[in-house]
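Chains, contacts and geometry: an overview
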Amino acid sequence: MECGIQDFYKDKVVFLTGATGFLGRVIIEKLLRATDVKRIYAMVRPKRNQDIQARIQNWEKDPLFEVLLKSKPQALQRVFTIAGDCLEHDLGISVKDRQLLASEVQIFIHGAATVRFNEPLHIAITINTRATKLMLQLAKEMKHLQAFLHISSAFSNCPEFHIEERFYPELLNLNSEKILAMTEIVGAKMIDSISSVLVGSFPNTYTYSKALAEDVILREAGDLPLSVFRPAIIIASHKEPVSGWIDNLYGPITLIYGIGHGVIRLVGHSKKGTTSFVPVDYCANMALASIWQTGKRDIIRDPKEQPPIFTLAPSTSNLLSHTDFIKFGMSHRDELAVNKMIWYPFLNCVSKPWLYTLLAFFYHTLPGYMFDLILRLAGKKPRMVDLYRKIHINVNAIQHFLFNSWKFETKSADKLRSLMSIEDREMYNFDMEALDWKEYFKSALFGMRLYLGKEPPTKESFESGRRLLKLFKILHYGLMTVLLLITVFLLWSLLKFIIKY
């Protein structure tokens, strides 16, 4: 009888980079809750005056681990930290820890990355590309390695708009070997100064450096039992371990968060475009299933054979349009009103980038100056103009993705699900075709309010939010009426002037 996913992970030793990241923590939680792994080594970047093992122990207070710790109170004792830093030439891993990993690790998950779109190129290459090469070298030292999973991105080859499950070395101006050699010779300033030339048709340093990392995999994986996982844009959890869990203000949830607080009032996007969102729990489930499929192979992979690629992206039969994303994001405005809003949540959408740039001054910047004036008069520190400056920088960074759409080949996901038992499909669900987007966004917005806004899910809190919403609604439409009357008066005065003269 074929080994299922749970049986595969039983008594395994796992090494995970990017352990403290959004997806990394969800993978660890799932491993501890749904498998009987023997031990998890989590690479954690040291911070001044902070013990790295204490950072793991702090997870006991994280809502993400609440379900796990109720059923397995001692679960986190199976997580051990390894001090490491992708910016260091030797990954910052001590000789002793390197020997430990080489002698024990069976499953290697490389998820560490910088996800900032506007990261200086030399840093993006160091963390996302060079570290991948160093991780492969470390993996080749591991005596009992059964599977290596490189977590990439569905957008790592985004100059193409129809992305297949293959490698795309032809998109690079220079291959990864030459780029890494160049970074060793010239300084960081020189690399950053020629960033636009090197990045070429890629929209940012993140996607470019991830494409280089895939080229490293293609060139240097050798006969490692390796596979590549390409998730699309990762958003809040759907159901596991709790609905709507999220801990960061990156990506599309940031827009909804800003809209719900009355801060963001204008968005630019293609009206005919579609989104590429995937829940973080689906990502963790498919990552673990991909490792299971990679690790259960009995034969050594031919070095000439392309490592398998697993893509998780929306199903072509269940796409979410930009328009529906905005609609679902606004649909629970009254029900899930927040107590920290600064104005009535409303949104206008434009389909031209230049029009967004023009109107953003009137929707964001000008009101920002007004808010800051009020704050100054109240003796408080002004902050809105600076906030809008940061918002516009971030919007500009993601604009390419708001005005374009991609099609992703996801045959691997379908095949992987077909190889899984019924029980495994339920326990490690990543079926994007069956995902109800309307239901999803209700739980995601609830989670946004709870986990990002830190607002309790109590009757009093919801009622307080609704009262504030009602007040701002009256003020908003009152202001719109006054502005309309002023506009009509000015136009009427102008018309009278023209007729008179």
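Residues numbered from 1 in each chain as written. Predicted model: local features only at pLDDT ≥ 70, side-chain atom pairs only at ≥ 80, totals over all residues. Heavy atoms only, no water.

The protein chain goes by Fatty acyl-CoA reductase in an unreviewed UniProt entry, where it is assigned to Drosophila kikkawai. On record in UniProt, under Sequence similarities (unreviewed entry), the comment for the protein chain is "Belongs to the fatty acyl-CoA reductase family." The UniProt entry for the protein chain carries the following comment under Subcellular location (unreviewed entry): "Membrane". (UniProt positions renumbered as here; feature names shortened; annotations may be inferred.)

**Some points on the sheet that holds strand E1 (residues 13–17)**
Spatial strand order, E3-E2-E1-E4-E5-E7-E11: seven strands in an open sheet with parallel pairing. The open sheet terminates on both sides in strands that have one partner only, identified here as strand E3 (79–83) and strand E11 (309–312). Here the average twist between neighbouring strands, direction ignored, is 20°. Two strands pair when backbone bridges link them, and strand E7 (residues 226–231) and E11 are joined in this way by four bridges, in the parallel orientation. When the bridges of E11 are listed, Val 228 appears paired with Ile 309. (Pairing = 2+ DSSP bridges. Helix = DSSP H or I, 4+ residues; strand = E, 2+ residues; numbered from the N terminus. Axes fitted to C-alpha atoms, helices over the stretch in contact; angles between N-to-C directions.)

**A word on the packing of aromatic side chains**
Aromatic rings considered in pairs are described by the distance between their centres and by the relative angle of their planes. Tallying each qualifying case throughout the model produces 24 aromatic pairs. Ring pairs connect the aromatic residues Phe 117, Phe 155, Phe 161, Tyr 206, Phe 401, Trp 406 and Phe 408, which therefore count as one cluster. A cation sits over an aromatic face here: Lys 30 above Tyr 428, 5.0 Å from the ring centre. Against the face of Tyr 168 rests Arg 166, its NZ or CZ located 3.9 Å from the ring centre. (Phe/Tyr/Trp six-rings, centres within 6.5 Å; stacked < 30°, edge-to-face > 60°. Lys NZ or Arg CZ within 6 Å of the ring centre and 35° of its normal.)

**Topic: the UniProt feature "domain: Thioester reductase (TE)" (unreviewed entry) in the protein chain**
In this structure's numbering, the residues bearing the UniProt feature "domain: Thioester reductase (TE)" (unreviewed entry) are residues 16–286. Spanning residues 16–286, this segment combines 39% helix with 14% strand, and its end C-alpha atoms are found 16 Å apart.

**Notes on a nonpolar patch on the surface**
On the surface, Tyr 477, Leu 479, Met 480, Val 482, Leu 483, Ile 486, Phe 489 and Leu 490 cluster together into a nonpolar patch covering about 760 Å² of accessible area. Note on placement: Tyr 477 falls in helix H19 (residues 459–500). Assessed through its relative accessible area of 45%, Tyr 477 is described here as partly exposed. (Patch = residues over 30% accessible without salt bridge, like charges linked within 9 Å, V, L, I, M, F, W, Y side chains within 5 Å. Areas by Shrake-Rupley, 256 points an atom, 1.4 Å probe, with all protein chains shown as cover. Salt bridge = Lys/Arg side-chain N within 4 Å of Asp/Glu carboxyl O. Buried < 20%, exposed > 50% of the residue type's maximum accessible area, 1.4 Å probe, protein only.)

**What about the state of the cysteines?**
In a disulfide, the sulfur atoms of two cysteines are held together by a covalent bond. Evaluation of the coordinates by the stated rule reveals zero disulfides. The cysteine Cys 158 is free of any disulfide, with Cys 283 supplying the nearest cysteine sulfur at 17 Å. Residue classification places Cys 158 among the buried positions, given a relative accessible area of 1%. By relative accessible area, which is 0% here, Cys 283 ends up buried. (Disulfide = S-S within 2.5 Å.)

**Details of the UniProt feature "domain: Fatty acyl-CoA reductase C-terminal" (unreviewed entry) in the protein chain**
The UniProt entry lists residues 363–455 under the feature "domain: Fatty acyl-CoA reductase C-terminal" (unreviewed entry), expressed in the numbering used here. What you have in residues 363–455 is 70% helix and 2% strand, and the ends, taken at the C-alpha atoms, are 27 Å apart.

**A few points about helix H11 (residues 252–260)**
Counting buried positions along H11 yields seven of nine residues, so the element is predominantly enclosed. The elements touched by buried residues of H11 are strand E8 (233–235), strand E9 (266–268), strand E10 (277–279), helix H13 (322–330) and helix H18 (437–452). At the C-terminal side of H11, Gly 262 shows a positive phi close to 75°. (Contact = heavy atoms within 4.5 Å.)

**Comments concerning the environment of Val 95**
Relative to the helices and strands, Val 95 resides in helix H5 (residues 95–104). With a relative accessible area of 62%, Val 95 lands in the exposed category. For the pair Val 95 and Leu 32, spaced 63 residues apart in sequence, the C-alpha separation works out to 28 Å.

**Points about the pairing of E7**
With six of its six residues buried, E7 lies for the most part within the structure. Because side chains alternate across E7, one face comprises the buried residues Leu 226, Val 228 and Arg 230, and the other comprises Ser 227, Phe 229 and Pro 231, equally buried. Note that strand E5 (residues 147–151) and E7 share four bridges and pair parallel. Within E7, the residue paired with His 150 across the bridge is Val 228.

**What about the packing of H13 against H18?**
With their axes 9 Å apart at the nearest point, H13 and H18 run at an angle of 45° to one another. One way to sum up the angle between H13 and H18 is to call them oblique. Remark: the crossing between H13 and H18 carries right-handed chirality. Residues Phe 325, Phe 328 and Gly 329 of H13 form the contact with H18, whose participating residues are Trp 437, Lys 438, Phe 441 and Leu 445. Among the residues forming the contact of H13 with H18, the class breakdown is five nonpolar, one polar and one charged. (Parallel < 35°, antiparallel > 145°, perpendicular 65-115°, else oblique. Left-handed = near helix turned anticlockwise from the far one by under 90°. Nonpolar A, V, L, I, M, F, W, Y, C, P; charged D, E, K, R; others polar.)

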